[in-house]
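# Structure at a glance
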Amino acid sequence: MSLRLPGIVLGVGLGGFVDGILLHQVLQWHHMLSSTDTDNIGVRYYSPLTVPGLEMNTLWDGLFHTVCWLAVLTGLALLYGRVAHGRRRVWTSRVLWGWMLVGWGLFNLVEGVIDHHVLGIHHVHGGPYQVWWDLAFLLLGAALVAGGYLLQRGGRALAPETA
């Protein structure tokens, strides 16, 4: 029984939640459209420093969180479909948690490359050092993928009849 797909999908959703909750809401470093004044695709700028701009950014942050929520639900559904018995063994499995870290890292890499570099619609932390913050975000993603892969390799695969 492979935990790869459910783990990666759960990791993508949970990684998106960490990004959205920590960077968008708690630290308020960026929102989905907070750098569209310097983007690469011509999206209208919505300054997060004005009420109408913050409303539009909050709407897009909400749509982003909806996608994260759907990824978590999908990952849970995939995981549930593969688990009949021994649920505790699955949830404590290095294999599952490793693949979840891989998924989180993939989220950082894909979202970081597309939104921060290709589209330029927002940055991890705007300002004079924004390129370094964006690169650190990608480095964290690569470290999560590598660490998660190594973690799951150190775990034992669960046989279908015992899982």
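Residues numbered from 1 in each chain as written. Predicted model: local features only at pLDDT ≥ 70, side-chain atom pairs only at ≥ 80, totals over all residues. Heavy atoms only, no water.

### Considerations on the packing of helix 4 (residues 94-118) against helix 5 (residues 130-153)
Helix packing for two helices is described by the angle between their axes and how far apart those axes are. For clarity, the threshold we go by: Note on definitions: angles span 0 to 180 degrees between N-to-C directions of axes, and those axes are lines fitted to C-alpha atoms, for helices only across the stretch in contact. Numbering of helices and strands runs from the N terminus; a helix is a DSSP stretch of H or I covering at least four residues, while a strand is a stretch of E covering at least two. For this classification, under 35 degrees means roughly parallel, over 145 means roughly antiparallel, 65 to 115 means roughly perpendicular, and everything else is oblique. Each crossing gets its handedness from the near helix: less than a right angle anticlockwise from the far helix is left-handed, clockwise is right-handed.
At a closest axis distance of 7 Å, the pairing of helix 4 and helix 5 adopts a crossing angle of 160 degrees. As the angle between them shows, helix 4 and helix 5 are arranged roughly antiparallel. For the pair helix 4 and helix 5, the crossing hand works out as left-handed.

### Examining the packing of aromatic side chains
Test applied: Here is the rule: rings of Phe, Tyr and Trp (six-membered ring for Trp) pair when centre to centre is within 6.5 Å. Planes less than 30 degrees apart are stacked, more than 60 are edge-to-face, and the remainder are tilted. Partly exposed residues are those whose accessible area sits between 20% and 50% of the maximum for their type, while under 20% is buried and over 50% is exposed, using a 1.4 Å probe and protein chains only.
All told, the structure shown has 3 aromatic pairs when counted by the stated rule. Between Trp29 and Trp133, the aromatic rings sit 4.6 Å apart at their centres with planes inclined by 65 degrees, giving edge-to-face as the arrangement. Residue Trp29 is found in the loop between helix 1 (4-26) and helix 2 (51-82), and its partner Trp133 is found in helix 5; the two are separated by 104 residues along the sequence. Exposure remark for Trp29: the relative accessible area of 25% places this residue in the partly exposed category. Accessibility expressed as a relative area gives 35% for Trp133, which makes it partly exposed. Between Phe64 and Phe107 the ring centres are 6.0 Å apart and the planes differ by 40 degrees, which places this aromatic pair in the tilted class. In this pair, Phe64 is assigned in helix 2 and Phe107 in helix 4, connecting sequence segments 43 residues apart. For the pair formed by Phe64 and Phe107, the shared burial category is buried.

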